[in-house]
Amino acid sequence: MAGLILWFFFAFARGSITEPIGWLFVMFPLCSVAIAFKWPVAGGVLLILEGLALTVQFSLALSVALPMLA
């Protein structure tokens, strides 16, 4: 998650992220970490769901990109 936050800040500094959806990909994990400090079970569930969503997103991107490379 730290890598995602760093990537976001550097991309925002370059000006390549100005859309609100880019903010969502950083603010949601940060809010989940804040929730995890107060309620560990709820925060853990949110972080697991975010990890699954990220994994699905990457696998879908790979399933689209790999046939294009062949």
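These numbers were taken from a predicted model, which means no experiment stands behind them. (Residues numbered from 1 in each chain as written. Predicted model: local features only at pLDDT ≥ 70, side-chain atom pairs only at ≥ 80, totals over all residues. Heavy atoms only, no water.)

Enquirer: An account of the overall build of the protein is requested, with residue identities and associated values reported.
Expert: When you go through the protein residue by residue, the secondary structure sums to three helices and zero strands. Tracing the protein from N to C terminus, the helices and strands come up as α-α-α. Over its C-alpha trace the protein gives a radius of gyration of 15 Å, far above what one expects of a compact globule, namely 11 Å for 70 residues. Projected onto its principal axes, the C-alpha positions of the protein cover 50 × 25 × 20 Å. The buried share of the protein, taken over its 70 residues, is 14%. (Helix = DSSP H or I, 4+ residues; strand = E, 2+ residues; numbered from the N terminus. Rg over C-alpha atoms; globule rule 2.2 N^0.38 Å. Buried < 20%, exposed > 50% of the residue type's maximum accessible area, 1.4 Å probe, protein only.)

Enquirer: Can you break down the side chain of glutamate 50 residue by residue, with the values?
Expert: Tracing the sequence through the fold places glutamate 50 in helix H3 (residues 40-69). Buried glutamate 50, no salt bridge; nearest opposite-charge side chain is lysine 38, N-O distance 19 Å. Setting aside chain neighbours within four positions, we find glutamate 50 in contact with Phe28, Pro29 and Ser32. (Lys, Arg positive; Asp, Glu negative; His and termini not counted. Salt bridge = Lys/Arg side-chain N within 4 Å of Asp/Glu carboxyl O. Contact = heavy atoms within 4.5 Å.)

Enquirer: An account of the environment of valine 45 is requested, with residue identities and associated values reported.
Expert: By the secondary structure assignment, valine 45 is in helix H3. On the basis of relative accessibility, which here comes to 44%, the residue valine 45 falls in the partly exposed class. Taking the C-alpha atoms as reference points, valine 45 and isoleucine 5, 40 residues apart in sequence, are found 20 Å from one another.

Enquirer: I'd like a rundown of a nonpolar patch on the surface, residues and numbers included.
Expert: Where nonpolar side chains cluster on the molecular surface, the patch consists of Val41, Val45, Ile48, Leu49 and Leu52 and spans about 510 Å² of accessible area. The class for isoleucine 48 is exposed, based on a relative accessible area of 57%. (Patch = residues over 30% accessible without salt bridge, like charges linked within 9 Å, V, L, I, M, F, W, Y side chains within 5 Å. Areas by Shrake-Rupley, 256 points an atom, 1.4 Å probe, with all protein chains shown as cover.)

Enquirer: Describe the side chain of serine 32, listing the residues and the values that go with them.
Expert: You can see serine 32 is positioned in helix H2 (residues 20-38). On the basis of relative accessibility, which here comes to 1%, the residue serine 32 falls in the buried class. A polar contact of 2.4 Å, which involves the side chain of serine 32, links it to the side chain of glutamate 50. Contacts of serine 32, omitting those with residues within four sequence positions, involve Gly43, Leu46, Leu47 and Glu50. (Polar contact = N/O pair within 3.5 Å; in protein donor to acceptor, adjacent residues only side chain to side chain.)

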